[in-house]
Amino acid sequence: MTTHTMTRTVLGTTLAAGLVLGGLTPAAHAATASAAFGPSGYGGITLGMSAKAAKASGKITPADGAGVSPTCTGWSLKAHPVGSDSVGLFISKKHGVAVIFAPKGAKTPEGIGLGSTYRQIKKAYPKLKTAASGYPYVDIPGKAHAYYSFLLNKGKVYEMALGLHKQDCVN
């Protein structure tokens, strides 16, 4: 599993989230800001967007056999399809779009993406914290209601997610 592996169990389905960090020059940052992963969403889908609005956007499709729980449903971004038993995002019945996973090639406005090192993440996000489960996360600058979370293997990000602090889909 690549684009969705931040560890969490949803009715027995283990999933996850990841990130890549790469440095963007100010000019490159400005050119890619509209396509950035976060701070509010990705691919035309925003955190907190209702299920109805997300479906009406035409940008998502139900995930194939994954991510169904009493509180949330799993979806895939049409522009970034995921494999069987994977999800690209979760929609909470209570909170709307609750978690979005970074597809390959996506980067935060600060240049972090899959393949980034812990050191790069820490440099981009000096207020980086460690969750009780051991993965690094950070409140999104200017978006106190949301966070980025990162899963690392051998010191590099292999999964990254953008989520609402109040989400009820993943642990």
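Residues numbered from 1 in each chain as written. Predicted model: local features only at pLDDT ≥ 70, side-chain atom pairs only at ≥ 80, totals over all residues. Heavy atoms only, no water.

(A) Molecular detail of the overall build of the protein. From N to C terminus, the protein includes 3 helices and 14 strands. Here the protein holds 171 residues, and the buried ones make up 47% of them. Pairs at least 24 residues apart make up 56% of the contacts formed inside the protein by residues separated by at least 6 positions. Total accessible area on the protein is roughly 8100 Å²; 57% of this is exposed by carbon and sulfur atoms. (Helix = DSSP H or I, 4+ residues; strand = E, 2+ residues; numbered from the N terminus. Buried < 20%, exposed > 50% of the residue type's maximum accessible area, 1.4 Å probe, protein only. Contact = heavy atoms within 4.5 Å. Areas by Shrake-Rupley, 256 points an atom, 1.4 Å probe, with all protein chains shown as cover.)

(B) View of the environment of Lys154. Checked against the element boundaries, Lys154 lands in the loop between β13 (143–153) and β14 (156–164). Classification of Lys154 by relative accessible area gives exposed; the value is 81%. When the C-alpha atoms of Lys154 and Tyr118 are compared, they prove to be 9.7 Å apart, with 36 residues separating the residues in sequence.

(C) Molecular detail of the sheet that holds strand β11 (residues 129–130). In spatial order, the strands read β6-β7-β8-β9-β14-β13-β12-β11; together these 8 strands make up an open sheet with antiparallel pairing. Strands with a single pairing partner mark the edges of an open sheet, and in this sheet they are β6 (60–62) and β11. (Pairing = 2+ DSSP bridges.)

(D) Structural view of the pairing of strand β9 (residues 96–101). Burial runs high along β9: 6 of the 6 residues are buried. With 3 bridges connecting them, β9 and β14 associate as antiparallel partners. Bridged to Ile100 within β14 is Leu162.

(E) Broad picture of the state of the cysteines. Taken as a whole, this structure holds 1 disulfide when the rule is applied. Through a disulfide, Cys72 is tied to Cys169; the S-S separation comes to 2.0 Å. Disulfide Cys72-Cys169: the torsion about the S-S bond is -85°, which places it as left-handed. Of the two residues, Cys72 is situated in strand β7 (residues 72–77) and Cys169 in the segment after β14; the sequence distance between them amounts to 97 residues. Relative accessible area serves as the criterion here: at 7%, Cys169 is assigned to the buried category. (Disulfide = S-S within 2.5 Å.)

(F) Quick peek at the pairing of β7. Here β7 lies mainly inside the structure; 5 of its 6 residues are buried. Bridge count for β6 against β7 is 3 bridges, and the pairing is antiparallel. Bridge pairing in β7 places Pro62 opposite Trp75.

(G) Molecular detail of the pattern of salt bridges. If you walk through the whole model with that rule in mind, you get 1 salt bridge. For the salt bridge of Lys129 with Asp139, the shortest nitrogen-to-oxygen distance reads 3.2 Å. Of this pair, Lys129 sits in strand β11 while Asp139 is found in strand β12 (residues 136–140), placing the two residues 10 residues apart along the sequence. Here Asp139 falls in the partly exposed class, since its relative accessible area comes to 29%. (Salt bridge = Lys/Arg side-chain N within 4 Å of Asp/Glu carboxyl O.)

(H) Molecular detail of unusual backbone geometry. Between Gly38 and the following residue, Pro39, the backbone shows a cis peptide bond with an omega angle of 5°. The residue Lys154 is not glycine, and still its phi comes out positive at about 55°.

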